[in-house]
Amino acid sequence: MKRFFMLLVLMIVIQEASAQDKELVLWYNKPAKDWNEALPVGNGRLGAMVFGRAEEELIQLNEETLWTGGPVDLNPNPDASKFLQPVRNALFSDSIDKAVSLLMKMQGPDTEMYQPLGDILLKHHFKSAPSNYYRDLNMTTATATTRFSADGVNYSREIFASAPDQILVIHIKADKKESINFSIEAQHELPFKTSVSADKHLILSGKARVDSYGKKVSGKFLYEDSLRQNGMRYQFRVKAVSPDGKVNSTGSSLVISHASEVTIYVSAATSFNGFEKYPDKEGKNERKLALGYLNAALKKNCSQLLQAHIADYQRYFNRVKLTLTSQPAKELPIDQRLLRYRRGEPDPALEELYFQFGRYLLISSSRPGGIAANLQGIWNNSISPPWRSNYTTNINLQMNYWPAEMTNLSELTEPLIGHIQKMAKNGYHTARNYYNMRGWAVHHNSDIWAQTNPVGEGSGDPKWANWSLGSPWLSQHLFEHYRFTADKNFLKKTAYPLMKGAADFCLDWLVERNGVLVTAPSTSPENVYIMPNGTKGTVTIASAMDMEIIWDLFTNVIEASEILGTDKEYAEMLKHKRDRLSPLKIGKKGNLVEWFGDWEDEDPKHRHISHLFGLHPGRQISPLIDREFAEASRKTLEVRGDEGTGWSKAWKINFWARMLDGDHAYKMYQELLKVSTLNNLFDTHPPFQIDGNFGATAGITEMLLQSHLNDIQLLPALPANWADGHVRGLVARGAFEVEMIWKGGKLSRAFITSKAGGQCRLRTNQKVALKDGKTNSRLTNELNSPQYITTFDTRKGNVYELTVN
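Side note on the overall build of the protein
Counting secondary structure elements, the protein contains 20 helices and 34 strands. Its C-alpha atoms give the protein a radius of gyration of 27 Å, within 12% of the compact-globule value 28 Å for 805 residues. Principal axes of the C-alpha set define a box for the protein whose edges measure 85 × 70 × 50 Å. Counting all 805 residues of the protein, 62% fall into the buried class. Taking contacts inside the protein between residues at least 6 apart in sequence as the whole, the part at least 24 apart equals 71%. A distance of 3 Å separates the average location of the 95 positive side-chain charges in the protein from that of its 89 negative side-chain charges.

Describing unusual backbone geometry
In this model, P525 is joined to E526 through a cis peptide bond whose omega is -15°. Mapped onto the secondary structure, E526 falls in the loop between strand 21 (516–519) and strand 22 (529–530). The backbone of D151 shows a phi angle near 55°, a positive value even though the residue is not glycine. Its location among the elements puts D151 in the loop between strand 7 (143–150) and strand 8 (153–162). Positive phi values are uncommon outside glycine, yet R228 reaches one of about 55°. By secondary structure assignment, the location of R228 is in the loop between helix 4 (214–218) and strand 13 (233–241).

Some details on empty space enclosed by the protein
Under the criterion given, the structure shown has eight cavities of 30 Å³ or more. Size it by volume and the largest cavity reaches roughly 220 Å³. Around the largest cavity sit 19 residues that line it, and Y401, W402, H477, E480 and F484 are the ones nearest its centre. Sorting elements by how many residues they give to the lining of the largest cavity places helix 13 (residues 470–485) first, with five residues.

Let's talk about the packing of helix 8 (residues 348–365) against helix 19 (residues 662–675)
Geometry of a packed helix pair, given as the angle between the helix axes and the separation of the axes. Where helix 8 meets helix 19, the axes come as close as 12 Å, and the angle between the chain directions of the two elements is 80°. In this view, helix 8 runs roughly perpendicular relative to helix 19, as classed from their interaxial angle. Every residue of helix 19 that contacts helix 8 at L350, E351, Y354 and F355 is listed here: Y666, Y669, L672 and L673. The class makeup of the residues in the contact of helix 8 with helix 19 is seven nonpolar, no polar and one charged.

Considering the packing of aromatic side chains
For the structure on display, the rule yields 30 aromatic pairs. Ring geometry for Y666 against W722: centres 5.5 Å apart, planes inclined by 75°, an arrangement best described as edge-to-face. Placement of Y666 in helix 19 and of W722 in the loop between strand 26 (712–714) and strand 27 (725–732) is noted, with a sequence separation of 56 residues between them. Residue Y666 shares its accessibility class with W722, and that shared class is buried.

A look at the sheet that holds strand 28 (residues 736–743)
Strands sit in the order 17-27-28-29-34-31 across an open sheet of six strands; the sheet is antiparallel. At either margin of the open sheet sits one strand with a lone partner, and together these are strand 17 (321–323) and strand 31 (768–770). The mean angle between the axes of side-by-side strands here comes to 25°, regardless of whether they run parallel or antiparallel. Bridge count between strand 17 and strand 27: three bridges; the pairing is antiparallel. Bridging across to strand 27, T323 finds its partner in H726. Strand contacts of helix 8: strand 17 and strand 27, with the helix running at about 165° to strand 17, the strand carrying the most contacts. Contacting strand 17, strand 27 and strand 28, helix 20 (residues 691–704) crosses the sheet at an angle of about 105° to strand 27.

Thoughts on the pattern of salt bridges
Using the criterion set out here, one finds 44 salt bridges in the structure. A salt bridge links K589 to E600, with the shortest nitrogen-to-oxygen separation between them at 2.9 Å. Of this pair, K589 sits in the loop between helix 16 (568–579) and strand 24 (600–601) while E600 sits in strand 24, and the two are 11 residues apart along the sequence. Taking the relative accessible area as the measure of exposure, K589 reaches 45% and is therefore partly exposed.

A few points about the packing of helix 11 (residues 414–435) against helix 14 (residues 488–509)
At their nearest, the axes of helix 11 and helix 14 sit 11 Å apart, and the two run at 25° to each other. One element, helix 11, and the other, helix 14, form an angle in the roughly parallel class. The two elements helix 11 and helix 14 meet at a crossing, and its hand is left-handed. Contacts from I417, I420, Q421, A424, A431 and Y435 of helix 11 reach helix 14 at F490, T494, L498, F505 and W509. Class assignment of the residues belonging to the contact of helix 11 with helix 14 gives a composition of nine nonpolar, two polar and no charged.

Description of the pairing of strand 28
Here strand 28 lies mainly inside the structure; six of its eight residues are buried. Where strand 27 lies against strand 28, seven bridges are found, and the strand directions are antiparallel. Bridge pairing in strand 28 links V727 to M740. Counted between consecutive antiparallel strands, the loop separating strand 27 from strand 28 contains three residues, among which G734 sits at a positive phi close to 95°. Connecting the antiparallel pair strand 28 and strand 29 (residues 746–754) is a turn made up of two residues, with G744 showing a positive phi of about 60°.

The rules behind these values
- Residues numbered from 1 in each chain as written.
- Predicted model: local features only at pLDDT ≥ 70, side-chain atom pairs only at ≥ 80, totals over all residues.
- Heavy atoms only, no water.
- Helix = DSSP H or I, 4+ residues; strand = E, 2+ residues; numbered from the N terminus.
- Rg over C-alpha atoms; globule rule 2.2 N^0.38 Å.
- Buried < 20%, exposed > 50% of the residue type's maximum accessible area, 1.4 Å probe, protein only.
- Contact = heavy atoms within 4.5 Å.
- Lys, Arg positive; Asp, Glu negative; His and termini not counted.
- Charge placed at Lys NZ, Arg CZ, Asp CG, Glu CD.
- 1 Å grid on protein atoms, 1.4 Å probe; cavity = no way out; pocket = protein on both sides within 12 Å on 5 of 7 lines; lining within 4 Å.
- Points joined across faces, edges and corners; volume = space filled by probe spheres on them.
- Axes fitted to C-alpha atoms, helices over the stretch in contact; angles between N-to-C directions.
- Parallel < 35°, antiparallel > 145°, perpendicular 65-115°, else oblique.
- Nonpolar A, V, L, I, M, F, W, Y, C, P; charged D, E, K, R; others polar.
- Phe/Tyr/Trp six-rings, centres within 6.5 Å; stacked < 30°, edge-to-face > 60°.
- Pairing = 2+ DSSP bridges.
- Salt bridge = Lys/Arg side-chain N within 4 Å of Asp/Glu carboxyl O.
- Left-handed = near helix turned anticlockwise from the far one by under 90°.

This is the structure in structure tokens:
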């Protein structure tokens, strides 16, 4: 009776969710042909790619802490600092090649690699070929389902990754008794051992490599070191439970027979014990952890686990709802919808779906208490993944978290903030050992061990390997967390000390040249310039990106100092230094100059548009601040073009939204969906990189709501194709939650929920009035068309309705 009641409650929850968001489903009429068509589920720590194969299902597993290597060497290149001044001397004398060769002498080891956990295989033996095939990913419930018919029986397989119970669940049902007969096996590309315990746990255990480059040095991968320090241990366990079938085992598999229902519980753990602990010698007991997760989950049936999973997931996901069409989603599989979209057929429901898919991926890959989402979130099937599946800090890690605050997922930034704290600790030593400077430094790449040194191992191109301004860019996320939440305690205890440390590094990094402060060496990731004499270079001084990042950091520290009422003299000093930064310049083509000089680019269409950092994610450039620099930014975007990698197109959505050009932002969104989206909606560089998914979700939000300047802009870059719509739950800086309804391309009504109190300041294209309240309103004309600035005081927790006059 109790079980029946819980099932009834669960059915009601699912039905209500389906009625509310029935469109948010990725479905297909055939299994995944490869990894790029498999569907991702995750609970922040555990991830799985579900292929949906009927006869031999493949479920590829990940655990977020399974990486190669161990704690970093805090001083891997003791001679590095002696080359800094010679590098600067070479740059100041235009000896670019010499500067490049010297910079290579300042490099250190590359990062470690994120690793797969292994595979689970479910092997059925049907007499006839399966038919009536269907599989999906339901973003409303975060479940992946496969259904098919075989031998006159209808089968269903539902998979979800539970955060409350830290378990992966596979629930299989048949509509005829004794019809489920299959085996469960486990495999891995890494060396592994499988066994079956007395209580019928299928166990796969193994160890990751002690480093990421052993094969390159010794000709083979190394899994042990003489001191037993590195090499992450891992284990996953599989337990099958059936109310009516039999569960037997061989030495390396589980065998289920004569069942009509089976629940498979999958637990996993590694020996990771923190970024400063050796994973082998000082690691946690992965066996004990995996067994603990499994035994705790086995006390609950599938319905209980599913109910807790849905409740936990929806407390994040249901905060935001976006509607761009009143028409139902097309009754076609996603791959076919993408194909038609590429041919020019409109599909606003697909555009809604992709927006929410970005939020789904962040909820599934970044949870409080875990580690930050990497280049592939938590999903990776290769022991040598592209770009090591690491943290690339010259945009990609940051882009992963662009949508978090604005799409009401603020808590999910906690892993990023935690990783910044770790990098600051290691980066303190990098700043001193590499440069004899204060503060903390982060370079191009990091990993679970919070590596911060310049990578490249003496042969990396400095245009990426020696980029040095990771700490100020990452510090932006700290201040943004305060701006969105108004959490002054966080600002005081966490953000400000880290921001100030990054500022200290920048103060030492800057040098005076011809009366202004410049960075030397400097790059504009990962581009190449051509000087008038034909010389090609990657290293310069005072790139526009460097100056904009430092301007952003100094501005944020100054504002934080004023908010906290502390360090007045330090803030005044930063103001003075900020005023002396090498200024931005407009080139002969009307573009924003990227380099120290107005030089040509080797690749005018380069995927990085680093010199527009001040436009996005910064707040130095805007049509509302300076039309001249805004137009130079527009020209830069036009020269760069609308092509590029997936994540580059995602960044361009944000750029064009900040330019208040909704139609061009929408064009970039279409380009991303048409050219840079895989059939499972993963973004592709190529290959897969998850930052494009997150960047696009952020860009869509920027089209609807902006608050990086002093105002909350409602519908600042609404494209013509989204003439009617409704969005609920977006968040503006100042801790205001926003709901908007628009018709005919114009705002018709809005609701503002004040989460922290204080004054609300709106910028709208139409005059608005506060229902049951007073506002101050004035007309402004920074743009070619008039806008209205409306202010009113708010109280924490109150909701304010706005109507259009």
